[in-house]
Amino acid sequence: MSQTIPQTTVTLDHPVDFARWRSATRALVGQHVPPEDIAWHVAPSGTPDTPAPAQAAPPFRIPRETMQMAADVLQSMLPDRFTLAYHLIYAHVTGTAMPPPDLARIEDAADTVRAETAHLRHDLFTLMQRGDGQEAWHATMAATTYAPESNARFMTFQLSLAPWRLALPGRRMEWTGEKLLYGQDDAAPAPIAFGSLPPPAMPLVTDLDIPRITVLPAVALAARTCRICPMARHATQTVFGEGRSDARMMFVGEQPGDKEDRAGRPFVGPAGQLFDRALLEAGIERDDTYVTNTVKHFKFRPRGTRRIHEKAGPEEIANCAPWLAAERRIIRPHVLVMLGATAASALLGRHVTIGRERSRAITLEDGATGVVTVHPSFLLRVPDDAARAREYDRFVADLKLAASLRAPVAP
Ligand code: URA
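Residues numbered from 1 in each chain as written. Predicted model: local features only at pLDDT ≥ 70, side-chain atom pairs only at ≥ 80, totals over all residues. Heavy atoms only, no water.

The protein is annotated in an unreviewed UniProt entry as Type-4 uracil-DNA glycosylase from Komagataeibacter europaeus. In UniProt, the protein has this text filed under Sequence similarities (unreviewed entry): "Belongs to the uracil-DNA glycosylase (UDG) superfamily. Type 4 (UDGa) family." (UniProt positions renumbered as here; feature names shortened; annotations may be inferred.)

Set out below in structure tokens:
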């Protein structure tokens with residue numbers, strides 16, 4: 001049997017470099033490059049970053065479960081895991097079948113990764129005194145997969161952002177409180193991005209997240225020290241939610257804008273002013289509610305002296321998910337109003353099209369009622385006066401619907 005010689009080489013920065021694998025996969029599957037034409041390499045530890053593969057505009061959607069299956073197999077130690085994961089996506093997009101033995105290997109690998117993830121979700125760490133006299137969490141794990149790497153963010157939140165160190169066979173990982181460091185064999189640990197790692201085989205957000213914090217000001221304080229996300233370094237400050245901690249209505253937007261970033265408060269800029277007006281018309285007192293965002297930092301691109309809003313992506317949403325989960329856990333609102341697609345997709349855990357899902361009561365997994373509506377900044381962008389007035393009235397009607405779903409106040 002003749003062997004194909006791979007024509008394309010992709011170099012990944014570390015053995016669990018999901019981000020680079022995914023962008024290369026999107027570009028190459030988009031061109032229908034077959035799996036056997038690609039050679040995957042991992043750069044030796046400590047090598048400077050290789051340029052990112054060209055990112056093609058994604059012309060296709062990958063179902064969340066398929067991408068998660070690929071992420072799971074990438075956490076195995078199978079030598080051909082990059083090819084297997086690529087083949088999974090390639091088969092989905094081209095409508096071809098994967099060889100059954102390969103599928104069976106993927107399923108076995110994913111089972112092992114899930115089992116190891118479940119194991120490391122239990123208390124792994126003990127508090128130890130470091131050489132400098134400071135305390136830090138330490139653990140050693142005889143992992144047979146890369147599940148510990150993909151759970152770095154989970155562990156950081158589980159330990160309430162305190163420094164931790166994890167020794168693994170042939171490698172080690174450390175969160176300093178500022179940076180995630182990773183080193184293989186004897187190489188000095190180097191910073192890696194949380195966002196480069198695969199999504200863990202179990203959801204990041206569980207009841208355990210930010211586990212010891214039960215009051216909102218303490219969650220806000222912790223969120224202000226969070227450095228998990230590079231956005232934290234560029235934004236002026238964390239913009240946490242504000243309002244009543246016993247509010248029956250909670251509003252969730254996308255992310256703070258320029259004004260909110262400077263003021264440190266949600267919805268105080270142009271979209272916030274429109275929101276306030278609509279609330280008033282719907283008979284809702286903002287002071288009786290809780291108003292927050294899916295993502296707590298302003299994401300922007302500098303243009304001259306201006307800061308141009310950039311849409312928050314899945315990475316930022318995942319980074320901030322534990323903060324939003326903690327706000328929900330503490331407030332327990334009866335009605336959760338999702339302002340725009342980012343909030344709706346993050347809270348419903350699936351892709352949401354506003355036109356299809358707005359203006360109706362949705363039962364959420366915690367028993368609260370969800371209402372999806374447009375984001376107020378959408379109303380600011382409608383160019384035509386008559387259309388804008390119509391859209392505004394629909395928005396107010398959605399707010400009225402949400403208000404009608406609040407449980408009656410006890411006499
Ligand atoms: N847009 C949002 O989603 N949130 C804000 O706080 C401001 C504008």
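From this point, the narrative continues.
A.B. asks: I would appreciate a short explanation of the side chain of N293 in the present structure.
C.D. replies: Note that N293 resides in strand β11 (residues 290-293). From its side chain, N293 meets the backbone nitrogen of Q255 in a polar contact 3.5 Å long. Here N293 is in contact with V252, G253, E254, Q255, P256, P266, F267 and L324, once residues within four sequence places are set aside. (Helix = DSSP H or I, 4+ residues; strand = E, 2+ residues; numbered from the N terminus. Polar contact = N/O pair within 3.5 Å; in protein donor to acceptor, adjacent residues only side chain to side chain. Contact = heavy atoms within 4.5 Å.)

A.B. asks: Whenever I open this one, the UniProt feature "domain: Uracil-DNA glycosylase-like" (unreviewed entry) in the protein confuses me. Can you help?
C.D. replies: Taking the UniProt record as the reference, the feature "domain: Uracil-DNA glycosylase-like" (unreviewed entry) is found at residues 240-400. Helix makes up 43% of residues 240-400 and strand 20%, with an end-to-end C-alpha separation of 25 Å.

A.B. asks: What am I meant to see in unusual backbone geometry here?
C.D. replies: Leaving glycine aside, a negative phi is the common case for residues, and trans is the common case for peptide bonds. Positioned with a positive phi, S160 is a non-glycine residue whose angle comes to about 50 degrees. Within the secondary structure layout, S160 lies in the loop between α6 (152-158) and β5 (164-168). Of note in this structure, L161 is not a glycine but carries a positive phi near 70 degrees. Tracing the chain through its elements places L161 in the loop between α6 and β5. Note on L161: relative accessible area 10%, which makes it buried. (Buried < 20%, exposed > 50% of the residue type's maximum accessible area, 1.4 Å probe, protein only.)

A.B. asks: Explanation requested: the layout of surface pockets in the structure shown.
C.D. replies: It is a probe the size of a water molecule, rolled over the atoms, that shows where empty space is left. Estimates place the volume of the second largest pocket at around 740 Å³. As for the second largest pocket, its lining consists of 32 residues, of which A271, H309, H375, S377 and R381 are closest to the centre. Looking at the lining of the second largest pocket, the elements that each hand over two or more residues are α9 (258-263), α10 (270-281), β13 (306-309), α12 (341-348) and α14 (376-381). Of the residues that constitute the lining of the second largest pocket, the class distribution is 12 nonpolar, 10 polar and 10 charged. (1 Å grid on protein atoms, 1.4 Å probe; cavity = no way out; pocket = protein on both sides within 12 Å on 5 of 7 lines; lining within 4 Å. Points joined across faces, edges and corners; volume = space filled by probe spheres on them. Nonpolar A, V, L, I, M, F, W, Y, C, P; charged D, E, K, R; others polar.)

A.B. asks: Can you walk me through the nonpolar core in this structure?
C.D. replies: One broad rule of soluble globular proteins: the nonpolar side chains tend to lie buried together. With 83 residues, the main nonpolar core has W164, L166, M173, L180, F251 and W323 as its most contacted residues. Here this core takes seven residues from helix α11 (residues 314-331), the largest share from any one element. Apart from residues lying up to four places away in sequence, M173 is in contact with P148, E149, A152, M155, W164, R165, L166, L168, L180, L181 and Y182. Residues L84, Y86, Y90 and A110 belong to the second largest nonpolar core, which totals 30 residues. (Core = buried A, V, L, I, M, F, W, Y, C linked by side-chain atoms within 4.5 Å.)

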